[in-house]
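Spelled out from the first residue to the last, the chains are:
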Amino acid sequence: MEGFTAAAVSRESQDSTPRKSIQKLSESFCAPQYAASLKCLDDSDYDKSKCQDQFEAYKACRKQEKYVLKLIARASDSSERGNLSYS
């Protein structure tokens, strides 16, 4: 795993605090676009230039997904405070 040290992985496994920002790929709306990107890479012998359409589709999906999740979080926060506003 590039970018991960044994110490960092060990710290993560000891930290039982749930993180709001971490989402499992299987729970993502963009899992099909992600899978298509990986399949394209496999099919094209990892020539990234042949997979730009799939990369862009995944990137656009993630952008929209983050926006929707942010709206849901705001609505949830507002409703918990009892003053739901739609502005």
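You'll find the structure just up there.
Thresholds, definitions, all that
Residues numbered from 1 in each chain as written. Predicted model: local features only at pLDDT ≥ 70, side-chain atom pairs only at ≥ 80, totals over all residues. Heavy atoms only, no water. Disulfide = S-S within 2.5 Å. Helix = DSSP H or I, 4+ residues; strand = E, 2+ residues; numbered from the N terminus. Buried < 20%, exposed > 50% of the residue type's maximum accessible area, 1.4 Å probe, protein only. Expected span 1.5 Å × (residues − 1). Arc of directions from axis to C-beta. Salt bridge = Lys/Arg side-chain N within 4 Å of Asp/Glu carboxyl O.

Notes on the state of the cysteines
- Under the defined criterion, the tally for this structure stands at 2 disulfides.
- In this model, Cys-40 is linked to Cys-51 through a disulfide, with the two sulfur atoms separated by 2.2 Å. Taking the sign of the torsion about the S-S bond as the criterion, the disulfide between Cys-40 and Cys-51, at about -95°, is left-handed. Taken together, the residues span a long stretch of sequence, with Cys-40 in helix H2 (residues 31-43) and Cys-51 in the loop between H2 and helix H3 (52-81) at a distance of 11 residues. Both residues of the pair, Cys-40 and Cys-51, count as buried.
- Taking only the cysteines that form disulfides and numbering them from first to last, the protein has the pattern 1-4, 2-3.

Side note on H2
- Compared with the 18 Å implied by 1.5 Å per residue over 13 residues, the 18 Å span of H2 between its first and last C-alpha is a close match.
- Along H2, the residues that are buried comprise Ser-37, Cys-40 and Leu-41. For H2, the angular spread of the buried residues around the axis is 100°, confining them to a single face. H2 presents Pro-32 and Asp-43 as exposed residues on the side facing more than 90 degrees away from its buried surface.
- Remark: Asp-45 follows H2 within two positions and exhibits a positive phi of approximately 55°.

Some points on the pattern of salt bridges
- Overall, the coordinates contain 2 salt bridges when judged by the stated rule.
- Between Lys-39 and Asp-43 there is a salt bridge, and its shortest N-O distance comes to 2.7 Å. Pair noted here: Lys-39 and Asp-43 are both in helix H2, with a separation of 4 residues, about one helical turn.
- Judged by its relative accessible area of 57%, Asp-43 is exposed.
- For the salt bridge of Glu-65 with Arg-62, the shortest nitrogen-to-oxygen distance reads 2.3 Å. Here Glu-65 and its partner Arg-62 are both found in helix H3, 3 residues apart, which amounts to about one turn of the helix.
- Its relative accessible area of 24% is what places Arg-62 among the partly exposed residues.

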